[in-house]
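# Residue-level structure breakdown
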Amino acid sequence: MLSSTNIRHFVTTVVVVTTVIHGNFFLLPPVNALASSSPASPNAAATVPPDFYSDIVSPLAQISAHYASSDQQAVPPILNMAIDMENPEYESLAHHLAQLLPPQPLVLIGQEGDEQQESDTILVNPMTATFAGGCFWGIQLAYDREPGVLATCVGYTQGNPLLSPYPTYSAVCAEETGHTEACLVAYDPALVSYARLAELMFDRIPDPTMLNRVGRDRGTQYRTGMYAHSEEQLIEAKVALEKENRTWFGREVVTEVKRAEAFWPAEEIHQNYLVKGGRFGRPQSSQKGSKDEIRCYG
């Protein structure tokens, strides 16, 4: 096991990833294979993942599918990027981060007297957060443009596992499962704070005092929420809610603040939907720092 060095943040550990340097990337098994090999929850015993799970290529969506399929677990608050062959679902995200982050100076690891190992690539351990701000197409693009956000995926969360342990877009839009559309975010807390991410979510909601409605979209699948992956994050979410509440002069903000539950990835067509062109075939930029207007439907 490689040791860590150059701790940038109390939750952000720099690690050496030799598999990235040598190009030894291991293909993820199909997500439905991950699901079938994981212990099934009592509610999901008679179900199998829908066909689209085998088509998922979004790195963070692959990770969320792994945890959701593993007895409906929430994604952990910190993604441990010390890549291990026992955790193959992290390989795709590691490859994504290696391409995203700029080259770093040479890193030496090991205690004095130990064999030294070298690398010119380092990765952080991202923290995770989940936000629901109406239609997930627009909020994903907003987060992708934010410096410090390392990866995102859209999907469904906070639903009723008795109704549908593997929710689909059509079932969620028909309000059959109790899930809300949401965006899972992996971020570097040394570069962007949870408070800033919460602010971005509220920026996407014209009137957070309206229940089950964001702009022209109506339904329980459009309820808004901050879903915390840790106790510390839950406290920060409550602070962000109270801050937003004070701006509405007595009208209560109805955004949920709850602990995160299983996050089920949406179909691959919905991942980065607006970057792909949206409904009208007009691609929108996800470049960091972009101030271009986000066209909700493309």
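Residues numbered from 1 in each chain as written. Predicted model: local features only at pLDDT ≥ 70, side-chain atom pairs only at ≥ 80, totals over all residues. Heavy atoms only, no water.

Each helix and strand in the chain was counted, giving eight helices and 13 strands. The contacts in the chain between residues at least 6 apart in sequence include a share of 74% that link residues at least 24 apart. Just so you have it, the chain exposes about 14100 Å², and 53% of that area is on carbon and sulfur atoms. (Helix = DSSP H or I, 4+ residues; strand = E, 2+ residues; numbered from the N terminus. Contact = heavy atoms within 4.5 Å. Areas by Shrake-Rupley, 256 points an atom, 1.4 Å probe, with all protein chains shown as cover.)

Attention shifts here to the packing of aromatic side chains. Throughout the structure, instances matching the rule amount to nine aromatic pairs. With a centroid separation of 4.0 Å and an interplanar angle of 25°, the aromatic rings of W137 and Y273 are classed as stacked. Within this pair, whereas W137 is found in helix α5 (residues 136-144), its partner Y273 is found in the segment after β13 (263-265), the two being separated by 136 residues in sequence. Classification of Y273 by relative accessible area gives buried; the value is 12%. Put simply, the rings of F52, Y53, Y166 and W264 pair up and form one aromatic cluster. (Phe/Tyr/Trp six-rings, centres within 6.5 Å; stacked < 30°, edge-to-face > 60°. Buried < 20%, exposed > 50% of the residue type's maximum accessible area, 1.4 Å probe, protein only.)

The next subject is empty space enclosed by the protein. In this structure the tally under the stated criterion is one cavity of 30 Å³ or more. Counted as a void, the largest cavity has a volume near 40 Å³. If you go around the largest cavity, the residues you meet are M210, L211, N212, R213, V214, Y222, R223, T224 and V254. Taken together, the residues of the lining of the largest cavity break down into five nonpolar, two polar and two charged. (1 Å grid on protein atoms, 1.4 Å probe; cavity = no way out; pocket = protein on both sides within 12 Å on 5 of 7 lines; lining within 4 Å. Points joined across faces, edges and corners; volume = space filled by probe spheres on them. Nonpolar A, V, L, I, M, F, W, Y, C, P; charged D, E, K, R; others polar.)

Turning next to the nonpolar core. Side chains of a nonpolar character, in soluble globular proteins, are inclined to be buried together. Counting 38 residues, the largest nonpolar core has F131, Y143, L197 and M226 as its most contacted members. Going through the elements one at a time, β6 (127-132), α5, β7 (149-157), β8 (180-187), α7 (194-203) and α8 (231-245) are the ones with two or more residues in this core. Residues I63, L79, A132 and W264 belong to the second largest nonpolar core, which totals 30 residues. (Core = buried A, V, L, I, M, F, W, Y, C linked by side-chain atoms within 4.5 Å.)

This paragraph deals with the packing of α7 against α8. As a packed pair, α7 and α8 sit with axes 10 Å apart at the nearest point and diverge in direction by 45°. What the angle tells us is that α7 and α8 run oblique. Considering the relative orientation of α7 and α8, their crossing is right-handed. Here α7 contributes Y194, A195, A198 and F202 to the contact with α8, which in turn contributes Q233, E236, A237, A240, L241 and E244. Taken together, the residues that form the contact of α7 with α8 break down as seven nonpolar, one polar and two charged. (Axes fitted to C-alpha atoms, helices over the stretch in contact; angles between N-to-C directions. Parallel < 35°, antiparallel > 145°, perpendicular 65-115°, else oblique. Left-handed = near helix turned anticlockwise from the far one by under 90°.)

The next subject is helix α4 (residues 91-100). When α4 is considered as a whole, its buried residues turn out to be E91, L93, A94 and L97. Axial view of α4: buried residues confined to an arc of 160°, hence all on one face. (Arc of directions from axis to C-beta.)

Note that strand β11 (residues 225-228) and strand β12 (residues 256-259) share four bridges and pair parallel. Among the inter-strand pairings, M226 is bridged to a residue of β12, identified as V257. (Pairing = 2+ DSSP bridges.)

So, about the environment of K291. Mapped onto the fold, K291 is located in the segment after β13. Residue class for K291 comes out exposed when judged on its relative accessible area of 77%.

A sheet is described by the order of its strands in space; here six strands give the open sequence β12-β11-β6-β8-β7-β13, paired in mixed fashion. Each edge of the open sheet carries a strand with a single partner, namely β12 and β13. Shown here is a sheet whose adjacent strand axes are inclined to one another by a mean of 35°, direction ignored. Here three bridges tie β6 to β11, and the two strands are oriented antiparallel to one another. Among the inter-strand pairings, T130 is bridged to a residue of β11, identified as Y227. Packing of helix α3 (residues 59-69) onto the sheet brings it into contact with β7, β8 and β13, and relative to β13 it is tilted by some 130°. Its contacts with the sheet place α7 against β6, β7, β8 and β11, and it is angled at close to 20° to β6.

Moving on, we get to the pattern of salt bridges. All told, the structure shown has seven salt bridges when counted by the stated rule. Between D207 and R251 there is a salt bridge, with its nearest N and O atoms 2.7 Å apart. Of this pair, D207 sits in the loop between α7 and β9 (213-214) while R251 sits in the loop between α8 and β12, placing them 44 residues apart in sequence. For R251, a relative accessible area of 41% corresponds to the partly exposed category. Its salt-bridge partner being E242, residue R246 comes within 4.0 Å of it at the nearest N-O pair. Accessibility expressed as a relative area gives 41% for E242, which makes it partly exposed. A single network of salt bridges, built from pairs that share partners, joins E146, R196 and E199. (Salt bridge = Lys/Arg side-chain N within 4 Å of Asp/Glu carboxyl O.)

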